[in-house]
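# Understanding the architecture of this molecule
As a plain string of letters, each chain reads:
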Amino acid sequence: MSEVKAKHPKGLWVLFGTEMWERFNFYGMRAILTLFMVNSLMMKEEDAAILYGGFLGLCYLTPMLGGFVSDRFFGNRNCIMLGGLMMAAGQLLLFFSASTFSTNLSLANTLMWTALGVIVFGNGFFKPNISSMVGSLYPKQEKSKLDTAFTIFYMGINLGAFLGQTICPYLGDVEIAGVRDVHAFKWGFLAASIAMILGTLVFFFLKNKYVVTPDGKPLGGLPSKNDASDYEEGEAQKAVFSTTALIVSIISFVILFFAIRYFTEGTNIVKTIIYPIIYASGITLAGLIISDSSLTKIERDRIIVIYIVAFFVIFFWAAFEQAGSSLTFIADNQTDLNFFGWQMPPSMVQVFNGIFVFAFALPFSILWDKLREKGREPISPVKQAIGLALIALSYFIIANNVKDLGNSGLLGIKWLILLYLIQTFAELCLSPIGLSLVGKLSPKRFASLLFGVFFLSNAAGYALAGTLGSILPSTGDKFLKAEKLGIDLQAVLDKRITPTPEQLELLSQNQISAENPVFVGFEIHNLYEFFMVFVVLTGIAAVILFLLRPVLKKMMHGVK
Ligand code: GLN
């Protein structure tokens, strides 16, 4: 590590520290968010999962806006500080929401929705700008260091995630005499807010000294007086779209929005408005770029590769992002959380992802380097297919472990830890590689927009994660609660008995569904079937992406 450290500009460590605190704030909040919605705001798990997916999806839609505002008006530095302050404010609003719900539930709900909105925009300003500053720290002749730089940065992300997912659950997800303290969540949100303020302060005080070019010029200033602009040679070349192309795009967006909405069931506004916005934006932007007449055949081929990979990445994030919703609900409701004699808070189980990324990011990048030296490094889409296959494997293992649990058996925490270990290997095959692949395949004038498309595929993945998280069938706690209410939930779900209107009301008041969830026409009867949905989706995606590799390799025209 020390050798790596010596070779990289000090600015990288400032960005590392800033991003670390920001991810502390983001992942710390993500750990407890859905549990807060369910336990304090009395939402149904299904609705919490859908809102969570929509919220994360929007967090990856707004970077387009953040990138645009930074390029045209404010510059990277200001956007990072603005985004940081907005996220800190959003967390504070969550703190207030979690402080008021017991006296004024409707105010608490309004505060929660406002908070999520503010965080969505804060993240949009922060995330693309900090990532692009990592790239601009390196002069052209040192771009080869970028892969390591991003690996280090990815470790900062996950160190932050690890700290946030330890401290926020420790403070916020608390039991008193075996019963959850629904008033404690606020401390988790407050810790997240403080972390974000720290991150913004780190950046504010250290940026002028360290976030500079090798000859000391400031990076990421206002676009109008950016004296370091000559530094990114050739990158000033921007895409210019004709008015006709823009009008066609707007019309396509509207048509797509309504078409997707038409096929969306239910009345949940996140599902019927936000998800269609996310999906339609991704497809529209992709269409706008690929129809540009200035593209050469090679450029177009390479962009199509980005699109194909982006499409498959959707299934990856949809499966991976169960961490903050369904997997946390399972950890909460049907898992034996005894960890070497200590009862781990359910929201803390996610922390294993951060820990494992931190431990394995460097070994993975060394592995790719070694394979490259031997000429045996797989092309990026193959690594991504491996990532998808690993996710399928992780769910296959867990599916087989929940198979015989019945309604009252508990899943051992070790299986969730194993799941996060395998999913971390999957993430390391897919996530850091995806960004650098987009960088390598994009024609310069479309690079930031294509990053936008790639982020939008993440967003689409999160929206799908919401839909998939919402088909979690009833877990053990629901059967127990129903039993206490004198209702045989299994018999109701199996339609062996028809509940009376009073019983239905009772179930609904207790956030228990009287019907099994349905996904594309299939009824999900139990946790085994729920997990198998992910095995099938990611497994098929892995196989198809793997089979496409000769075609993709050809279309990449020499790029690895
Ligand atoms: N865990 C990474 C981060 O928080 C990657 C997330 C993503 O690309 N969707 O930045």
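Quick note: structure is the one above.
These lines cover the structure that appears in this document, whether it is placed above or below. (Residues numbered from 1 in each chain as written. Predicted model: local features only at pLDDT ≥ 70, side-chain atom pairs only at ≥ 80, totals over all residues. Heavy atoms only, no water.)

## Things to note about the overall build of the protein
So the rule is basically this: Working definition: helices are DSSP H or I runs of at least four residues, strands are E runs of at least two. Numbering for both runs from the N terminus. For this measure, only C-alpha atoms enter the radius of gyration; the expected value for a globule follows 2.2 Å times N^0.38, where N is the number of residues. Buried residues are those whose accessible area, probed at 1.4 Å on protein chains only, stays under 20% of the maximum for their type, while exposed residues exceed 50% and partly exposed ones sit between those limits. The contact rule is simple, with two residues in contact once any of their heavy atoms fall within 4.5 Å. Computed with a 1.4 Å probe, the accessible areas rest on the Shrake-Rupley method; for each residue, only the protein chains presented here act as cover. In this charge count, Lys and Arg are treated as positive and Asp and Glu as negative; neither His nor the chain ends contribute. Charge positions come from single atoms, namely NZ of Lys, CZ of Arg, CG of Asp or CD of Glu.
When its secondary structure is counted, the protein shows 20 helices and 8 strands. Over its C-alpha trace the protein gives a radius of gyration of 23 Å, about what one expects of a compact globule, namely 24 Å for 560 residues. Taken over the C-alpha atoms alone, the protein extends approximately 75 × 50 × 50 Å along its principal axes. Relative to its full complement of 560 residues, the protein shows a buried share of 55%. The contacts in the protein between residues at least 6 apart in sequence include a share of 79% that link residues at least 24 apart. Carbon and sulfur atoms form 66% of the exposed surface of the protein, whose accessible area is close to 23800 Å². Taking the 43 positively charged and 39 negatively charged side chains of the protein as two groups, their mean positions are separated by 10 Å.

## Focus: the site of the ligand
Defined as follows: One heavy atom suffices: a residue is near a molecule or strand as soon as one of its heavy atoms comes within 4 Å of it. Counted as a polar contact is a pair of N or O atoms within 3.5 Å, where, for protein atoms, one must be capable of donating a hydrogen and the other of accepting one, and residues adjacent in sequence contribute only when both atoms are in side chains.
In the region of the ligand, the neighbouring residues are R23, Y27, Y60, K127, Y154, I157, W317, E427, N458 and Y462. Interatomic distance of 2.7 Å between a side-chain N/O atom of N458 and a nitrogen atom of the ligand. In the complex, the protein chains occlude 92% of the 300 Å² of accessible area that the ligand would expose alone. Of all elements in the fold, only α2 (10–39), α6 (146–172) and α15 (447–469) reach the threshold of two or more residues within the shell around the ligand.

## Thoughts on the packing of aromatic side chains
The criterion, for reference: Whether two aromatic rings pair depends on their centres lying within 6.5 Å, for rings of Phe, Tyr and Trp, where Trp uses its six-membered ring; planes under 30 degrees apart make the pair stacked, over 60 edge-to-face, and the rest tilted.
What the rule picks out here adds up to 34 aromatic pairs. Here F316 and F320 contribute two aromatic rings whose centre-to-centre distance is 5.5 Å and whose plane-to-plane angle is 20°, an arrangement assigned as stacked. Taken together, the positions of F316 and F320, both in helix α10 (residues 297–320) and 4 residues apart, correspond to about one turn of that helix. One exposure class covers both F316 and F320, and it is buried.

## Considerations on a nonpolar patch on the surface
How we decide: Patch membership requires over 30% relative accessible area and the absence of a salt bridge. Like charges are linked within 9 Å, and nonpolar side chains (Val, Leu, Ile, Met, Phe, Trp, Tyr) within 5 Å. Salt bridge, as used here, is a side-chain nitrogen of Lys or Arg placed within 4 Å of a carboxyl oxygen of Asp or Glu.
The grouping of I194, I197, L198, L201, F204, F205 and L206 at the surface amounts to a nonpolar patch, some 630 Å² of accessible area in total. Structurally, the position occupied by L198 is in helix α7 (residues 185–210). Judged by relative accessible area, which is 36%, L198 ranks as partly exposed.

## Notes on the environment of Y528
Along the chain, the position of Y528 falls in helix α19 (residues 527–547). For Y528, a relative accessible area of 24% gives the class partly exposed. For the pair formed by Y528 and A399, sequence separation is 129 residues and the distance between their alpha carbons is 4.8 Å. Among residues more than four places away in sequence, those in contact with Y528 are A399, N400, V402 and K403.

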